[in-house]
Amino acid sequence: MNATSTTPTRQSEATPFALPARSLEGVGKRPFGIYIHVPFCATRCGYCDFNTYTAGELGTSASPQSWLEGLRRELDLAAEMTGAPAAETVFVGGGTPSLLGGDGLSDVLSAVRSSFGLASGAEVTTESNPESTSPDFFGALRSAGFTRISLGMQSAAQHVLKILDRTHTPGRAVAAAKEARAAGFSHVNLDLIYGTPGERDQDLDASLDAVLSADVDHVSAYALIVEDGTAMARKVRRGELPAPDDDVLASRYERIDSRLSEAGLQWYEVSNWAKAETADSGDTRCRHNLGYWDGGDWWGAGPGAHSHVGGVRWWNVKHPARYAEQLALGELPVGGSEELTPEDEHMERVMLTARLRTGLPLSELSASERLSAEQVVVDGLAVIENDHVVLTDRGRLLADAVIRTILT
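Within each chain, residue numbers correspond to sequence positions counted from 1 in written order. Local features in this predicted model are restricted to residues of pLDDT 70 or higher, and side-chain atom pairs are both shown and tallied only at a pLDDT of 80 or more, whereas totals for entire chains, interfaces and linings draw on every residue. No hydrogens and no water enter the side-chain calculation; it runs on all heavy atoms of the structure.

K.L.:
Any chance you could explain the overall build of the chain here in plain terms?
P.N.:
Helix and strand definitions follow DSSP, with helices as H or I runs of at least four residues and strands as E runs of at least two, each counted in order from the N terminus. Secondary structure summary: the chain contains 16 helices and 16 strands in total. In this treatment the radius of gyration is a C-alpha quantity, and the globule benchmark scales as 2.2 Å times the residue count to the 0.38 power. Relative to the 2.2 N^0.38 estimate, which gives 22 Å for 408 residues, the radius of gyration of the chain is 21 Å and therefore close to what a compact globule would have. A 1.4 Å probe rolled over the protein chains alone gives each residue an accessible area, and that area as a share of the maximum for its type sets the label: buried under 20%, exposed over 50%, partly exposed in between. Within the chain, the proportion of its 408 residues that are buried is 52%. Here the chain has roughly 17,400 Å² of accessible surface; of this, 50% comes from carbon and sulfur atoms. Per-residue accessibility takes into account occlusion by the displayed protein chains alone, with areas from the Shrake-Rupley method and a 1.4 Å probe.

Right, here's the structure in full:
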């Protein structure tokens, strides 16, 4: 999951960015993670609206080397500002981090170690495109200290991958997952996208069969969202592709949940499933993403990355060239920031924790919100477990509506 978030009041930075003393007081006492955004991709997928660039789009204005130099500077400045709490989690996302190769990603982790250091037992994840991985790649990451691999599978159907503009072959994601396991990674995630125009029930079943054959301990599955400004949105607007159907998406989600649950992967967030924790495996959930959902602190480094520390949120400038230029001048590359009000923090707390299997604590709700939560329970969309509001199977399909009901 990328370090992005809603920002209701965005303001550009007219003066050098600095965190207020109150937001720094609890740093190191709350969960602290580092997100690294790698903005490079070999090709642009038609559905993607992330801050990514192909070599042709960048030309000579930026390169992986200038990005890495900027990243080192940003992490050093971040460590100086925050007091350098040891990172409990690191997540390298993008973009396509695996384009950096094993050596490049090792350099990224070395930069984190040099600036912040890693806490004992830290979770260190990188996203990877199956086509840019190999046994040697995974071996290099394992030696460097990475502990978790997340592979973008999306689908096992060739025609679905084609509609998504994905370049890997249908079987490559499963092969990559097995290579990662053979290299010593016990924590491997496969990402699915469901509801792509042209996807059939049998295509989804084939994808789930492939996922389960890989014997991974974590699966993420996201409904296709046609984002404005993407190539897919233009095709939908021109009538070349149908828009995703809500009823089909709901049916597909139920199928995914049923198949994964039967195989021993249980949901812990609406779009994420993990195997049960054991003495050998430890926590199989993505601890970095749990840090987002549980209101932790994180520093997002790289072009366009978002950060949050102690109720202050900020986001970096998007273009890699400008990112590197500002850091070369000794400035943090912050494009804008906001201080969250108590009302903002409460709203986000409800929005995020309501999606978790552990649920939303009743103690954090106002009297009127508790009444709304009781109505959600009456409607069969949630249950009360250990004084927490926990979504039912039907409630997960209507999670956004449940959250709106509680907050209004």
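K.L.:
Can you help me understand the pattern of salt bridges in this one?
P.N.:
Side chains that carry opposite charge are capable of pairing whenever their charged atoms lie near each other. The rule for a salt bridge is simple: a side-chain nitrogen of Lys or Arg has to be within 4 Å of a carboxyl oxygen of Asp or Glu. If you walk through the whole model with that rule in mind, you get 21 salt bridges. Linking Arg 200 and Asp 203 is a salt bridge whose minimum nitrogen-to-oxygen distance equals 2.9 Å. By relative accessible area, which is 43% here, Arg 200 ends up partly exposed. Of the residues examined, Asp 203 reaches a relative accessible area of 5% and is grouped as buried. Here the salt bridges share partners, and the residues they tie into one network are Asp 205, Asp 209, Arg 255 and Arg 259.

K.L.:
What's the story with the packing of aromatic side chains in this structure? I'm lost.
P.N.:
Working definition: an aromatic ring pair is given by the centre-to-centre distance plus the angle between the planes. Between 30 and 60 degrees the pair is tilted, below 30 it is stacked and above 60 it is edge-to-face, where a pair is any two Phe, Tyr or Trp rings, Trp via its six-membered ring, whose centres lie within 6.5 Å. Evaluated as defined, the whole model comprises 10 aromatic pairs. Taken together, the aromatic side chains of Phe 17, Trp 299 and Trp 314 make up a single cluster linked through ring pairs.

K.L.:
Can you help me understand the side chain of His 37 in this one?
P.N.:
Topologically, His 37 is positioned in strand β2 (residues 32–38). Judged by relative accessible area, His 37 falls into the buried class, the value being 4%.

K.L.:
Can you walk me through the nonpolar core in this structure?
P.N.:
One recurring pattern in soluble globular proteins is that nonpolar side chains are buried together. In these notes, a set of buried Ala, Val, Leu, Ile, Met, Phe, Trp, Tyr and Cys residues joined through side-chain atoms within 4.5 Å is what counts as a nonpolar core. Residues Ile 36, Trp 67, Leu 71, Leu 75, Phe 146 and Leu 190 are the most contacted members of the largest nonpolar core, which totals 88 residues. Residues within four places of Leu 75 in sequence aside, it is in contact with Ile 34, Ile 36, Ala 111, Val 112, Ser 115, Phe 116 and Ala 301. By definition, residues are in contact when any of their heavy atoms lie within 4.5 Å.

K.L.:
Can you walk me through the side chain of Thr 125 in this structure?
P.N.:
When you line up the elements, Thr 125 lands in strand β4 (residues 118–128). Apart from residues no more than four positions distant in its own chain, Thr 125 is found in contact with Val 90, Phe 91, Val 92, Phe 146, Arg 148 and Ser 150.

K.L.:
When you look at helix α7 (residues 172–182) in this model, what are you seeing that I'm missing?
P.N.:
Note that an α-helix has 3.6 residues per turn; residues three or four places apart therefore point the same way. Of all the residues in α7, the buried ones are Arg 172, Ala 173, Val 174, Ala 176, Ala 177, Glu 179 and Ala 180. For α7, the secondary structure elements touched by its buried residues are α5 (135–144), β5 (148–154), β6 (187–194) and α8 (201–213). After α7 finishes, the residue Gly 184 shows a positive phi value of roughly 110°.

Keep in mind these values describe shape, not function.
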